[in-house]
Amino acid sequence: MGSAAMDVNGNFAADKKFVVVFVLGGPGSGKGTQCANIVQYFGFTHLSAGDLLRAEIKSGSENGTMIQNMIKEGKIVPSEVTIKLLQQAMLESGNDKFLIDGFPRNEENRAAFEHVTKIEPEFVLFFDCSEEEMERRLLSRNQGRVDDNIETIRKRFRVFVESSIPVIEHYEAKEKVSKIDAGKSVDEVFEDVKAIFSPYSAQAA
Ligand SMILES: Nc1ncnc2c1ncn2[C@@H]1O[C@H](COP(=O)(O)OP(=O)(O)O)[C@@H](O)[C@H]1O
Ligand SMILES: Nc1ccn([C@@H]2O[C@H](COP(=O)(O)OP(=O)(O)O)[C@@H](O)[C@H]2O)c(=O)n1
Ligand SMILES: [Mg+2]
């Protein structure tokens, strides 16, 4: 269990326990797709760091241009921006169980989240998928994203290998990683996901 909670000002207080699961995996590995399933079956709130950043761009925030440029280049936005958005969303949800999707994506994300929130993830769900398959999926995602083009996809793959894999290794050393073969069909992957989440069952899975 994470040992912290937020008060209405977004400050963390030690009187409530949160369950946080980090959902990691390369771009196109199926994080968002499976999180939607987990929400339905297990009552978690899904927070996609990428979705929160894209919403921040749309809202016309002063950081919008910077975020847009980083996403277009496949680079990782500074932690303070992303963590603030995650904290806000956690507070607004009223829930105490969270899937944090696409975060932490580098060591800076990881250390800053730990420092600011004092939350340690329950476990890390890692969707393991080949680049060939991820590339195929991203090129047919059709969500109009500025980063789903072959040039940016290659940059995102490099950032994943160089910056995000070390975060997964950090949690592997703590025996917190549940690795899933994400190259299979959506339904097959969800069967494996269900087995991992059954201890957190809000209803029978
Ligand atoms: N197991 C799967 N097999 C085939 N296509 C998938 C699978 N999981 C997701 N997809 C598709 O691949 C694309 C990327 O999935 P998404 O969930 O957005 O991944 P991520 O959030 O990891 O980038 C989407 O178009 C989605 O419909
Ligand atoms: N923790 C995060 C998550 C996403 N992002 C940015 O948002 C982009 C898209 O992230 P995403 O999680 O929506 O992408 P997918 O892995 O779902 O394809 C990343 O390539 C980064 O540019 C970030 O800067 N920091
Ligand atoms: Mg996603």
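These numbers come from a predicted model, not from an experiment.

A. The arrangement of the UniProt feature "binding site: a ribonucleoside 5'-phosphate" (unreviewed entry) in the chain in detail. According to UniProt, the "binding site: a ribonucleoside 5'-phosphate" (unreviewed entry) feature falls on Arg54, Lys75, Ile76, Val77, Gly102, Phe103, Pro104, Arg105, Arg145 and Arg156. Non-local contacts of Ile76, meaning those with residues more than four positions away in its chain, are made with Met70, Arg105, Asn106, Asn109, Val159 and Ser163. Under the relative-accessibility criterion, Pro104 is labelled buried at 1%. For Pro104, the residues in contact, after removing those within four places along its chain, are Phe22, Leu24, Asn109, Arg110 and Val167.

B. Quick peek at the sheet that holds strand 4 (residues 45–48). Strand order in the open sheet formed by five strands is 4-5-3-6-7, with parallel pairing between adjacent strands. Strand pairing shows two members of the sheet lacking a second neighbour, strand 4 and strand 7 (177–181), which therefore form its edges. Recorded for the sheet is a direction-independent mean angle of 20° between the axes of neighbouring strands. Relative to strand 5 (residues 97–101), strand 4 runs parallel, the two sharing four bridges. Looking at the pairing, His46 lines up with Leu99 of strand 5.

C. Geometry of unusual backbone geometry. For the peptide bond that leads from Phe103 to Pro104, omega is 0°, which places it in the cis range. Here Pro104 lies in the loop between strand 5 and helix 5 (107–117). Although it is not a glycine, Lys118 adopts a positive phi angle of roughly 60°. As for its position among the elements, Lys118 is in the loop between helix 5 and strand 6 (123–128).

D. Seen up close, the packing of aromatic side chains. Throughout the structure, instances matching the rule amount to 13 aromatic pairs. Here the aromatic rings of Phe18 and Phe98 are separated by 5.4 Å at their centres, their planes lie at 85°, and the arrangement is edge-to-face. Taken together, the residues Phe18 in the loop between strand 2 (12–13) and strand 3 (19–25) and Phe98 in strand 5 connect sequence positions 80 residues apart. Considered together, Phe18 and Phe98 belong to a single accessibility category, that of buried residues.

E. Representation of the pairing of strand 5. Burial analysis of strand 5 places five of its five residues in the buried class, the great majority of the element. Here strand 5 shows a buried face lined by Lys97, Leu99 and Asp101 and a second buried face lined by Phe98 and Ile100. Of the pairings in the sheet, the one linking strand 3 to strand 5 comprises five bridges and is parallel in character. Bridge assignment links Val21 to a residue of strand 5, and that residue is Leu99.

F. Seen up close, the confidence of the model for the chain. Per-residue confidence for the chain gives a mean pLDDT of 93; residues scoring 70 or more make up 90%. Scoring the predicted complex yields pTM 0.94 and, for the interface, ipTM 0.99.

G. Representation of the site of ligand 2. Around ligand 2, 20 residues are found, and the nearest of them are Lys31, Arg54, Lys75, Val77 and Arg156. A distance of 2.9 Å is found between an oxygen atom of ligand 2 and a side-chain nitrogen or oxygen belonging to Arg54. Across the complex, the protein chains shield 96% of the 530 Å² of accessible surface that ligand 2 would expose by itself. Looking at the shell around ligand 2, the elements with two or more residues in it are helix 2 (49–58) and helix 3 (64–72). Sort the elements by how many residues they give to the shell around ligand 2 and helix 2 lands first, with four residues.

About the criteria used
Position labels on residues start from 1 in each chain and follow its written sequence. Following the order in which they are written, the chains are lettered starting with A and the ligands numbered starting with 1. The predicted origin of the model limits local features to residues at a pLDDT of at least 70 and limits the giving and counting of side-chain atom pairs to 80 or more, whereas totals for whole chains, interfaces and linings rest on all residues. Here the side-chain values reflect all heavy atoms present in the structure, with hydrogen atoms and water set aside. UniProt positions are given in the numbering used here, feature names are shortened, and annotations may be inferred rather than shown by experiment. Residue contacts are counted whenever heavy atoms from the two residues lie within 4.5 Å of one another. We call a residue buried when its accessible area falls under 20% of the maximum for its residue type, exposed when it is over 50%, and partly exposed in between, using a 1.4 Å probe and counting protein chains only. Following DSSP output, two strands are said to pair if at least two bridges run between them. Labels follow the DSSP assignment, with helices taken as runs of H or I lasting at least four residues and strands as runs of E lasting at least two, numbered in each case from the N terminus. Under this scheme, a helix contributes an axis fitted over its contacting stretch, all axes are lines through C-alpha atoms, and angles between N-to-C directions fall in the 0 to 180 degree range. Stacked, tilted and edge-to-face are the three classes assigned to paired rings of Phe, Tyr and Trp, where Trp is represented by its six-membered ring and a pair needs centres within 6.5 Å; plane angles under 30 degrees give stacked, over 60 edge-to-face, the rest tilted. On a scale of 0 to 100, pLDDT captures the predictor's confidence in every residue. Proximity criterion: a residue is near a molecule or strand once any of its heavy atoms comes within 4 Å of it. Between N or O atoms, a polar contact is any pair within 3.5 Å; within protein, one atom must be a potential hydrogen donor and the other a potential acceptor, and residues adjacent in sequence are included only when both atoms are from side chains. Computed with the Shrake-Rupley method and a 1.4 Å probe, the accessible areas treat only the protein chains shown as cover for residues.

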